[in-house]
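Residue-level structural notes
One letter stands for each residue in the lines below.
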Amino acid sequence: MTGTRIAALGHYQPARVLTNDDLAALVDTSDEWITSRVGIRTRHVAGPDEPVDELAAHAAAKALASAGLAPADIDLVLVATSTATDRSPNTAARVAARLGMSSPATMDLNVVCAGFTHALATADHAVRAGSAARALVIGADKMSDVTDWTDRSTCVLVGDGAGAAVVEACEGDAEPGIGPVLWGSVPEMGNAVRIEGTPPRFAQEGQTVYRWATTQLPPIARTVCERAGVAPEDLAAVVLHQANLRIIEPLAQRIGAVNAVVARDVVESGNTSAASIPMALSKLVERGEVASGAPALLFGFGGNLSYAGQVVYCP
């Protein structure tokens, strides 16, 4: 078995930007109400002719270009999403078709907001075991498709987008660039975050999620660091699921990452579910806010009250 690393990242958001003032014209809300409660100012929203696999393919193409790879170099495509419209072909297969891949294994994973970190761990395991040489791991969600735009408690939260990572084996004696995953769930509380019904609609028990995330998750996140052999104070970045600032900021503080850049992409992107972590990490790296080789904690949580985290070294 060999170690793995993230070779490159990419992200994509649709062009249309929806501001808090735009939402105030739709429901009884205001910019002050939204920013004071969740910290979100804008979000990107895809049109009816922009399916989730298109968002995913754009992010994937950017990651491949950054890695200097061709689609044919990928033999495993994993897409974390909970907003695919169709069951078959799955989103991963449609991404592979859009990119012109030849014969990759293609799988979707639905772990909602923790989907990307679950998919990243799955790719890490596959490459370590030798069942894949290079994997494309994508988090993509079109939350606007499952949102009731007359419900001010949820419509102010969400956005659309995708983020992608190329995962490959480390060369020679290089140290692994993806640390051990710690994952789990609280099944008996799974109804606290839901996308259900016909048509499917997003709903959540906000206070339940807030209390769980800010009290139960910090020790789990610290254990992730311990398994990776990295002290929280040595982290260069913390990239949590971009739920809202009222969760992100206290959670990062309670982890003890006192010297880390804390991703706050939620301010401009909203809650993009499985896309939020890879998109936020890709932006930090692209802007040069985190150096190549620096350790970053990735920690997803939310739907199913699932969680998954690992420490990675930035490409």
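Residues numbered from 1 in each chain as written. Predicted model: local features only at pLDDT ≥ 70, side-chain atom pairs only at ≥ 80, totals over all residues. Heavy atoms only, no water.

1. With respect to the side chain of His44
Operational definition: Comment: elements are numbered from the N terminus, with helices defined as DSSP H or I runs of at least four residues and strands as E runs of at least two. What qualifies as a polar contact is a pair of N or O atoms within 3.5 Å, subject to a donor-acceptor requirement within protein and to the restriction that residues adjacent in sequence count only when both atoms come from side chains. Whether two residues are in contact is decided by their heavy atoms, any of which lying within 4.5 Å being enough.
Turning to its location among the elements, His44 is positioned in strand 3 (residues 42-44). At 2.7 Å, the side chain of His44 and the backbone oxygen of Pro14 are in polar contact. Excluding anything up to four places from it in sequence, His44 contacts Gln13, Pro14, Ala15, Arg16, Val17, Gly159, Asp160, Glu268 and Ser269.

2. Section: the sheet that holds strand 11 (residues 237-240)
We count it as follows: Pairs of strands are assigned from DSSP output, requiring at least two bridges between the strands. Note on geometry: axes are C-alpha line fits, over the in-contact stretch for helices, and angles between N-to-C directions span 0 to 180 degrees.
Across the sheet, 5 strands lie side by side as 8-14-13-11-12; this open sheet has mixed pairing. Two strands close off the open sheet at either side, each with one partner strand: strand 8 (182-185) and strand 12 (261-262). Of the pairings in the sheet, the one linking strand 13 (residues 295-301) to strand 14 (residues 306-313) comprises 7 bridges and is antiparallel in character. The residue of strand 14 that forms the bridge with Ala296 is Val312. Helix 8 (residues 217-228) contacts strand 8, strand 13 and strand 14 of the sheet and is inclined by roughly 140 degrees relative to strand 13. With respect to the sheet, helix 11 (residues 276-286) is in contact with strand 11, strand 12 and strand 13, its orientation differing from that of strand 11 by roughly 150 degrees.

3. Quick notes on the side chain of Asp124
Mapping Asp124 onto the fold places it in helix 5 (residues 115-129). Only 2.5 Å separates the side chain of Asp124 from the side chain of Thr4, close enough to count as a polar contact. Residues contacting Asp124, with those up to four places away along its chain left out, are Thr4 and Ile178.

4. Thoughts on helix 8
The line we're drawing: Each residue after the first adds 1.5 Å to the expected span of a helix. Three labels apply to residues, based on accessible area from a 1.4 Å probe with only protein chains included: buried if under 20% of the type maximum, exposed if over 50%, partly exposed otherwise in between. Think of the arc as the fan of directions from the helix axis to the C-beta atoms.
The terminal C-alpha atoms of helix 8 lie 17 Å apart, and with 12 residues this matches the ideal 16 Å at 1.5 Å per residue to within 8%. Within helix 8, the full set of buried residues consists of Leu217, Pro218, Ile220, Ala221, Val224 and Cys225. Buried residues of helix 8 fall within an arc of 165 degrees about the axis and therefore sit on the same side. The elements touched by buried residues of helix 8 are strand 8, helix 7 (206-215), helix 9 (245-255), strand 13 and strand 14. Downstream of helix 8 by one or two residues, Gly229 has phi in the positive range, about 75 degrees.

5. Some remarks on unusual backbone geometry
Each neighbour pair has its own omega, and for Ser88 with Pro89 the value is 0 degrees, a cis peptide bond. You can see Pro89 is positioned in the loop between strand 4 (76-80) and helix 4 (91-99). Cis rather than trans, the peptide bond between Thr198 and Pro199 has omega equal to 0 degrees. Tracing the chain through its elements places Pro199 in the loop between strand 9 (193-196) and strand 10 (201-204). The phi dihedral of Leu305 falls on the positive side, at around 50 degrees, and the residue is not glycine. As for its placement among the helices and strands, Leu305 is situated in the loop between strand 13 and strand 14. On the accessibility criterion, Leu305 (0% relative accessible area) is buried.

6. Observations concerning the environment of Leu251
Locating Leu251 in the fold gives a position in helix 9. According to the relative accessible area criterion, Leu251 is buried, its value standing at 0%. Sequence separation between Leu251 and Leu240 is 11 residues; the distance between their C-alpha atoms is 8.6 Å. Aside from chain neighbours lying at most four places away, what touches Leu251 is Ala213, Leu217, Pro218, Leu240 and Phe301.

7. Section: the packing of aromatic side chains
For the record, the criterion: Two rings belonging to Phe, Tyr or Trp (six-membered ring only in the last case) form a pair when the distance between their centres is within 6.5 Å. Interplanar angles under 30 degrees mark stacking, angles over 60 mark edge-to-face geometry, and anything in between is tilted. Both a distance and an angle decide whether a charge sits over a ring: NZ of Lys or CZ of Arg must be within 6 Å of the ring centre and within 35 degrees of the ring normal.
Under the definition given, this model contains 3 aromatic pairs. On the numbers, 6.5 Å between centres and 70 degrees between planes, the contact of Trp212 with Phe301 is edge-to-face. Here Trp212 is found in helix 7, whereas its partner Phe301 is found in strand 13, with 89 residues between them in sequence. Taken individually, Trp212 and Phe301 each receive the classification buried, so the pair is uniform in this respect. By the ring-pair criterion, three or more aromatic residues cluster together here, those being Trp212, Phe299, Phe301 and Tyr307. The cationic tip of Arg152 hangs over the ring face of Trp33; the distance from NZ or CZ to the ring centre is 4.5 Å. A cation over a ring is seen here: Arg246 above Tyr210, with NZ or CZ 4.8 Å from the ring centre.

8. A short note on the state of the cysteines
Counted only if it meets this: We call a pair of cysteine sulfur atoms a disulfide whenever their separation is within 2.5 Å.
Considering all chains together, one arrives at 0 disulfides under this definition. No disulfide involves Cys170; its sulfur sits 14 Å from that of Cys314, the nearest cysteine. Exposure remark for Cys170: the relative accessible area of 9% places this residue in the buried category. The cysteine Cys225 is free of any disulfide, with Cys314 supplying the nearest cysteine sulfur at 13 Å. On the basis of relative accessibility, which here comes to 0%, the residue Cys225 falls in the buried class.

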